[in-house]
Amino acid sequence: MKQPELGRKIIELRKEKGLTQEELVDKCNISVRTLQRIEAGEVTPRDYTVKTILAALDYDLAMIADNNHGVPEQLSTFFKNLLYIDVDLEQPADYLTRQLTMAWIFGLVNFLTGLPEALADYTLIAKQEMIFHPLIQVALKLVVWISYIFFQRGFILTGFLYQNYLLKIISYILMFAVTMSIGYDITSVFYGPMAIEYVMGAEALIFGGILILYGISLLRLRKPLGDVAFFAGFFEILAGACFLTVILGFAGLILLIPASILEIVVLFKVTETVKKHKPVFNAAGNSYD
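Just so it is clear, the model here is predicted, and its values are computed rather than measured.

K.L.:
Looking at this model, I keep getting lost on the packing of helix α8 (residues 165-191) against helix α9 (residues 196-219). Mind explaining?
P.N.:
Pairs of packed helices are described in terms of their axes, by the angle between the two and the distance that separates them. As a packed pair, α8 and α9 sit with axes 9 Å apart at the nearest point and diverge in direction by 160 degrees. With respect to α9, the element α8 is oriented roughly antiparallel. Taken as a pair, α8 and α9 cross one another with a handedness that is left-handed. Counting all contacts with α8, which are made through Leu166, Leu167, Ile170, Ser171, Ile173, Leu174, Ala177, Val178, Ser181 and Tyr184, the residues of α9 involved are Ile196, Val199, Glu203, Phe207, Ile210, Leu211, Leu213, Tyr214, Ile216, Ser217 and Leu218. Taken together, the residues that form the contact of α8 with α9 break down as 17 nonpolar, three polar and one charged.

Okay, here's the thing in structure tokens:
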């Protein structure tokens, strides 16, 4: 069910239960302002928010869900939820904690799977040999891609929390750039590296510039998060500078190892900070004190 029908249905169910808005939000752990905007039809809440509200009202989501949602719309919703973090609603600390925890865990997965992936790439490019079965190599690429997307979502959310707009923008750009790179790599598994010298040179220059900006955005987190953010940004800048020279690209890859580890620690620290301070992520995008 879409807005404004959803809002009207929640009002109807709430009144049937004899609940005020304040009593309902106490049962489902969202803010009064969020419930007010949902009931007014001003925003479309995420699925988990709808389920939480309806569960508090003892109502089955399936009873009001649209039955005509086809596969294309479901896929569209999946990718929208994957790439978009809703900042129109005030989010409780539990929501932020879950999202950030998921991000640093996916960051760890990305780091661990990235090592054999890099080895497979090197073998394919340098020796024209594959150390894994093609399907295994493609599966490895997909795990690396998906885990990286979720990892960067953590930095997008961190950018919102600390009003670091450069971090938000660069994280989205990195998502896109890595998606293009993984797409080329998967194609190379089946058809062999195509125009490899030109592609590697272009990737080195593109990622070099992006990583320098990414490093600068991480440096801006030093004040709230300490030296771990500074050194993460420092290694990203060094890696980006190496990529820009093209010939030092391998050194850049080595520098990304400590950078990635430190970035996982950064997201872990943000998660622990959110748990401790229990901030509310409001529509104005204000960070916690």
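From this point, the discussion proceeds with the structure in view.
K.L.:
I'm lost on the packing of helix α1 (residues 5-16) against helix α3 (residues 32-39) in this one. Help?
P.N.:
At a minimum axis separation of 7 Å, α1 and α3 run at an interaxial angle of 115 degrees. Here α1 contributes Gly7, Arg8, Ile10, Ile11 and Arg14 to the contact with α3, which in turn contributes Leu35, Ile38 and Glu39. The class makeup of the residues in the contact of α1 with α3 is four nonpolar, one polar and three charged.

K.L.:
Whenever I open this one, the side chain of Thr97 confuses me. Can you help?
P.N.:
Following the sequence through the fold, Thr97 ends up in helix α6 (residues 93-127). Residue class for Thr97 comes out buried when judged on its relative accessible area of 13%. Ignoring sequence-local partners within four residues, the contact set of Thr97 consists of Thr271, Val274 and Lys275.

K.L.:
Please clarify how the nonpolar core should be interpreted in this entry.
P.N.:
In summary, soluble globular proteins display a tendency toward joint burial of nonpolar side chains. Counting 47 residues, the largest nonpolar core has Phe155, Leu174, Leu221, Val266 and Val270 as its most contacted members. When contributions to this core are tallied by element, the ones reaching two or more residues are α6, α7 (134-161), α8, α9, α11 (227-245) and α12 (249-277). Per-element tally for this core: the top contributor is α7, with 11 residues. Beyond its immediate sequence surroundings of up to four residues, Leu221 is in contact with Thr158, Tyr162, Asn164, Leu167, Gly226, Ala229 and Val266. Membership of the second largest hydrophobic core comes to 17 residues, among which are Leu19, Leu24, Val43 and Ala56.

Conventions and cut-offs
Residues numbered from 1 in each chain as written. Predicted model: local features only at pLDDT ≥ 70, side-chain atom pairs only at ≥ 80, totals over all residues. Heavy atoms only, no water. Axes fitted to C-alpha atoms, helices over the stretch in contact; angles between N-to-C directions. Helix = DSSP H or I, 4+ residues; strand = E, 2+ residues; numbered from the N terminus. Parallel < 35°, antiparallel > 145°, perpendicular 65-115°, else oblique. Left-handed = near helix turned anticlockwise from the far one by under 90°. Contact = heavy atoms within 4.5 Å. Nonpolar A, V, L, I, M, F, W, Y, C, P; charged D, E, K, R; others polar. Buried < 20%, exposed > 50% of the residue type's maximum accessible area, 1.4 Å probe, protein only. Core = buried A, V, L, I, M, F, W, Y, C linked by side-chain atoms within 4.5 Å.

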